[in-house]
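# Coordinates in review
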Amino acid sequence: FIVATLADRKVASSALKKLQVILPLDKYHHLKRIRVTTESGHDAERQHQILLCPLADSRTGVAGVQERLASEGLANSSFSSVFTLPVPSQPPLTRKQFEAASKFWPISFHEDKYQQLVA
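Bear in mind the structure is a predicted one, so any value in this text is a computation, not a measurement.

Here T84 shows up in strand β4 (residues 79-84). A relative accessible area of 43% means that T84 is categorised as partly exposed. On a C-alpha basis, the gap between T84 and C53 in space is 9.7 Å, while along the polypeptide they are 31 residues apart. Not counting residues within four places of it along the chain, the set of residues in contact with T84 comprises F1, I2, L55 and V62.

Written as C-alpha cells, this is what we have:
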C-alpha cells in the first residue's frame, strides 16, 4: 500500500473526506484508513498516517499518486512523506489472524464464533 504521513493532524478529517472520493478503498473494508503512531522514543511526537491506495492500483507508483492528489486539490504540503508499507490484503477470519494482522495496520474485525471452532 502507498501510505502518507500527515504534516498536520488538523487536516486529517478533510483529507479523509477527499480521499474517499479520489482513491476509495472498496476492496479493503477491513483496513482502517488512518492510524496514529508514535516515533520511537518520542511519545509526544504522534504521527497520523493515512492509506492512499494499493501499490498495484497505482500504475506509476508513489510519484504518480502524489501527482494525482495534487491535481485533485490535495496539496503535497498536507503530507510530510509518502511511502510504501505492507498491510494485510485479506480480512482476518480468526482471532489469531487478527492479532497478527494488527501488527502491520489497524484492522476492523468481527469475530465469527463458528470459524473459531473450525480453525
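A few words now on the side chain of Q49. Examined against the element boundaries, Q49 turns out to sit in strand β3 (residues 42-53). Within polar-contact distance, the side chain of Q49 engages the side chain of R35 at 2.7 Å. Once residues lying within four places of it in the same chain are set aside, the contact partners of Q49 are V3, A4, T5, R33, I34, R35, T37, F83 and W105.

So, about helix α1 (residues 12-22). When α1 is considered as a whole, its buried residues turn out to be A12, A15, L19 and I22. Projection of α1 onto a plane perpendicular to its axis shows the buried side chains occupying an angular sector of 95°, all on one side. The outward face of α1, more than 90 degrees from its buried face, is lined by the exposed residues K17 and V21.

General note: in soluble globular proteins, nonpolar side chains tend to be found buried as a group. Ranked by internal contacts, the top residues of the largest apolar core, which has 16 residues, are L23, L52, L69 and F79. Sorting the residues of this core by element identifies β1 (2-6), α1, β3, α2 (61-71) and β4 as the ones contributing at least two each. The greatest single-element share of this core, amounting to four residues, is contributed by α1. In this structure, V3, L31, V87 and F109 belong to the second largest nonpolar core, which totals twelve residues.

Further remarks concern the environment of Q90. Note that Q90 resides in the loop between β4 and α3 (95-101). The exposure class of Q90 is exposed, given its relative accessible area of 57%. Measuring from C-alpha to C-alpha, the distance between Q90 and A101 comes to 9.4 Å, with eleven residues separating the pair along the chain.

Among the residues of α2, G61, G64, V65 and L69 are the ones counted as buried. Angular distribution of buried residues about the axis of α2 spans 135°; they occupy a single face of the element. Residues of α2 that are exposed and point more than 90 degrees away from the buried face comprise E67 and S71. Phi turns positive, to about 95°, at G73, one or two residues after α2.

Here we come to the packing of aromatic side chains. In the structure shown here, the tally under the stated rule is two aromatic pairs. Ring centres of F1 and Y28 lie 5.1 Å apart, and the angle between their planes is 85°; this geometry places the pair in the edge-to-face category. Taken together, the residues span a long stretch of sequence, with F1 in the segment before β1 and Y28 in the loop between α1 and β2 (34-39) at a distance of 27 residues. Given a relative accessible area of 12%, F1 falls into the buried group. Since its relative accessible area comes to 17%, Y28 is described here as buried. Taking 4.8 Å as the distance between ring centres and 15° as the angle between the ring planes, the aromatic pair formed by F98 and F109 counts as stacked.

How each quantity is defined
- Residues numbered from 1 in each chain as written.
- Predicted model: local features only at pLDDT ≥ 70, side-chain atom pairs only at ≥ 80, totals over all residues.
- Heavy atoms only, no water.
- Helix = DSSP H or I, 4+ residues; strand = E, 2+ residues; numbered from the N terminus.
- Buried < 20%, exposed > 50% of the residue type's maximum accessible area, 1.4 Å probe, protein only.
- Contact = heavy atoms within 4.5 Å.
- Polar contact = N/O pair within 3.5 Å; in protein donor to acceptor, adjacent residues only side chain to side chain.
- Arc of directions from axis to C-beta.
- Core = buried A, V, L, I, M, F, W, Y, C linked by side-chain atoms within 4.5 Å.
- Phe/Tyr/Trp six-rings, centres within 6.5 Å; stacked < 30°, edge-to-face > 60°.

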